[in-house]
Amino acid sequence: MSITDLLNNAPDQEPERQYYFIEEAKKIVAKKEQEKGRKLTCCVTTFGCQMNARDSEKLLGILKQIGYVETEDENADFVIYNTCTVRENANNKVYGHLGILHGYKKKNRDMMIGLCGCMMQEPTVIEHLKANYKFVDLIFGTHNLYKFAELFTTALLNKKGMIIDIWKDTDKIVENLPISRKYPFKSGVNISFGCNNFCSYCIVPYVRGRERSRKPEDIVEEIKGLVADGVVEVMLLGQNVNSYGVGLEEKVTFADLLRMVNDIEGLKRIRFMTPHPKDLSDELIEAMATCDKVCHHMHLPLQSGSTEILKKMNRRYTKEHYLGLVEKLRARIPDVAITTDIIVGFPGETEEDFLDTMDVVDKVHYDSAFTFIYSKRTGTPAAAMENQVPEDVVKDRFDRLLALVQKHGHDKVQSLEGTVQEVLVEEVNEQDASLVSGKLANNVTVHFPGDESMIGKIVNVRLNCCKGFYFIGEISE
Ligand code: SAH
Ligand code: SF4
Ligand code: F3S
């Protein structure tokens, strides 16, 4: 069939339209299989956050329905990179990898290469790819990911040149497309897409568009389906879960949603990512305290401890407000684990500002923290700010901060030694097959004697020995 015929016969409605393309692609792929005398392979490589990981499961779900067999080897018939652009080094990684793919493609002329995700929403990236990476077959962005089946089928039939489809924004959410989960027993679940906060350093609002919430009933229905399929733990995903509900007709808060999800029978654990401190309500703390399935773990990004820098970052809270939230959380949920993200070297950050960050870290005593060196993202307000901090100064601050958060993290983990905790068993240990590995509610890892049959189950484990950031334990009856 020609591309024109294919498009002319397609239904207008979603998701029916995508299922039509899946059927058409299946026929093309079956023919190729016959020619080659083997199944076709695909490799989906994910960069970036949980949001991207979930999107990759959507890509893989469609590819598997079309007939591809999944492989981790990038020397495959179809390779797609789901990219991230939150920091400069994320972009560099992609360009580096692409060089290797080109080598594979020279040996396998039929190989197809796709690029999608956040980095593709940057016009300069597309220009660069068009000029220097002509061997790429398909490029699309974050807003039209639901159209993957359609774009991929078109690329299968396309004889020459790149197919590029990038949208500036969308208000559309398409439900009920195939998904292939990485883990049988746990899953991410999108609750909102995009971000309206425009923190001055951050590129996410530009590449993920305006905030849109999924309807609560769609979320609950998806989770019920997941539970029926063996899932016991969900992670509710949004750039700012605390503002969940924005744009929906009915008035529903994130705390309401947590309570609805908590009522789902058969589900055992609920996590969420990421709450913004400016919108962390008492109602949410209360919901977290009273919903028995919600893990006592709050990832609460600080970014900076200096009120002055927070203002320049457009974070809309102060040092004191943040510390107040931590106090409230700990008062209501004494065993809550608190983790964070911190940026070092934001433009204009003085030694005094940095000491404010160290002060907050010292006061909060985080269970763990992701620390990042500020990365200039073209187009964001911070990129145009004066007083970018010299590299050696940033490096020195980064090292001091890292030493402190690691010390605290270690203390926190150590403090649980000897206790019995609930653990979700995730896998057989890679180094020692007599052990299994699992996660505590606070996200810390424990290894203990066990076997494959325990994967996906929640068991009580005595945390015998702390090994820095993880435990060696044993089943406790
Ligand atoms: N929506 C989430 C996180 C999104 S990005 C939130 O608001 O917390 C994940 C983390 O990357 C951020 O928390 C921040 O610490 C870091 N980050 C974002 N932009 C960055 C930049 N330009 N340079 C360095 N780190 C950055
Ligand atoms: Fe970026 Fe801020 Fe939105 Fe998080 S809340 S994605 S840091 S703009
Ligand atoms: Fe990266 Fe996009 Fe996530 S920029 S951090 S993959 S939202």
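Residues numbered from 1 in each chain as written. Chains lettered and ligands numbered in written order. Predicted model: local features only at pLDDT ≥ 70, side-chain atom pairs only at ≥ 80, totals over all residues. Heavy atoms only, no water.

Colleague: How would you sum up the pairing of strand β16 (residues 435-440)? Please name residues and give values.
Modeller: Along any regular strand, the residues point their side chains to alternate faces of the sheet. Buried residues dominate β16, accounting for five of its six residues. The pairing of strand β15 (residues 420-428) with β16 spans five bridges and is classified as antiparallel. Bridge assignment links Val428 to a residue of β16, and that residue is Val436. Taking the residues that link successive antiparallel strands as the turn, the β15-β16 hairpin has six residues. Pairing of β16 with strand β17 (residues 445-449) involves five bridges; the strand directions are antiparallel. (Buried < 20%, exposed > 50% of the residue type's maximum accessible area, 1.4 Å probe, protein only. Helix = DSSP H or I, 4+ residues; strand = E, 2+ residues; numbered from the N terminus. Pairing = 2+ DSSP bridges.)

Colleague: Got a sec to walk through the site of ligand 1? Specific residues and values, please.
Modeller: Within the structure, ligand 1 sits among 15 residues, and Arg87, Gln239, Gln303, Asp341 and Ser375 are positioned closest to it. A distance of 2.7 Å separates an oxygen atom of ligand 1 from a polar side-chain atom of Gln303. Contact with the protein chains removes 89% of the 540 Å² of surface that ligand 1 exposes when unbound. At the level of elements, β13 (337-344) and β14 (368-373) are the ones that each hand at least two residues to the shell around ligand 1. Counting only domains with at least three residues in the shell around ligand 1, you end up with domain 2 (183-294) and domain 3 (296-415). (Near = heavy atom within 4 Å. Polar contact = N/O pair within 3.5 Å; in protein donor to acceptor, adjacent residues only side chain to side chain. Areas by Shrake-Rupley, 256 points an atom, 1.4 Å probe, with all protein chains shown as cover. Domains from an automatic or database assignment.)

Colleague: Describe the sheet that holds strand β5 (residues 138-140), naming the residues involved and giving the relevant values.
Modeller: Taken in spatial order, the six strands of this open sheet run β2-β1-β3-β4-β5-β6, and their pairing is parallel. Across the chains shown, the open sheet's two edge strands, defined by having one partner strand only, are β2 (69-70) and β6 (163-165). Relative to strand β3 (residues 78-83), strand β1 (residues 41-46) is paired through five bridges, and the arrangement is parallel. Along β3, the bridge assignment pairs Val44 with Ile80.

Colleague: Tell me about the nonpolar core, residues and numbers included.
Modeller: Judged by nonpolar contacts, the single largest core of 69 residues is most densely connected at Ile223, Val234, Leu236 and Phe254. Domain assignment of the residues forming this core places at least three in each of domain 2 (183-294) and domain 3 (296-415). Discounting chain neighbours no more than four positions away, the residues touching Ile223 are Val189, Val234, Leu236, Val261, Ile264 and Leu267. Residues Val29, Leu40, Phe148 and Ala149 belong to the second largest nonpolar core, which totals 31 residues. (Core = buried A, V, L, I, M, F, W, Y, C linked by side-chain atoms within 4.5 Å. Contact = heavy atoms within 4.5 Å.)

Colleague: Explain the packing of aromatic side chains to me, using residue names and the numbers behind them.
Modeller: One pass over the structure, following the stated rule, counts 16 aromatic pairs. Where Phe78 meets Phe148, the ring centres are 6.4 Å apart and the plane angle is 25°; that geometry is what we call stacked. A residue pair is termed long-range when its members are at least 10 positions apart, and Phe78 in strand β3 and Phe148 in helix α6 (residues 148-157) qualify at 70 residues. Here the aromatic rings of Phe346 and Tyr374 are separated by 5.7 Å at their centres, their planes lie at 70°, and the arrangement is edge-to-face. Pair noted here: Phe346 is in the loop between β13 and α13 (351-364) and Tyr374 is in the loop between β14 and α14 (391-414), with a separation of 28 residues, a long-range link. Tyr374 gets classed as buried once you look at its relative accessible area, which sits at 11%. Arg87 extends its terminal NZ or CZ atom over the ring of Phe372, reaching a point 3.8 Å from the ring centre. (Phe/Tyr/Trp six-rings, centres within 6.5 Å; stacked < 30°, edge-to-face > 60°. Lys NZ or Arg CZ within 6 Å of the ring centre and 35° of its normal.)

Colleague: I'd like to hear about the domain arrangement of the protein chain, residue by residue, with values.
Modeller: Segmenting the protein chain into domains produces domain 1 (3-165), domain 2 (183-294), domain 3 (296-415) and domain 4 (419-475). Taking only C-alpha atoms into account, the centre of domain 3 sits 30 Å from that of domain 4. On the side of domain 4, nine residues touch domain 3, which itself brings seven residues to the contact. A buried area of about 680 Å², summed over both sides, lies between domain 3 and domain 4, and 71% of it is on carbon and sulfur atoms. Sorting the residues of domain 3 by area buried against domain 4 places His297, His410 and Val413 first, and these three jointly supply 61% of that buried surface. (Buried area = accessible area lost by both parts, 1.4 Å probe.)

Colleague: For the UniProt feature "binding site: [4Fe-4S] cluster 2" (unreviewed entry) in the protein chain, give the residues involved together with the corresponding values.
Modeller: Taking the UniProt record as the reference, the feature "binding site: [4Fe-4S] cluster 2" (unreviewed entry) is found at Cys195, Cys199 and Cys202. By secondary structure assignment, the location of Cys195 is in the loop between β8 (192-193) and α7 (204-208). Excluding residues within four positions of it along the chain, Cys195 makes contact with Val204, Pro205, Gly209, Arg210, Glu211 and Gln239. For Cys199, the position within the fold is in the loop between β8 and α7. With sequence-adjacent residues up to four places away left out, Cys199 is seen in contact with His276, Met313, Asn314 and Arg315. (UniProt positions renumbered as here; feature names shortened; annotations may be inferred.)

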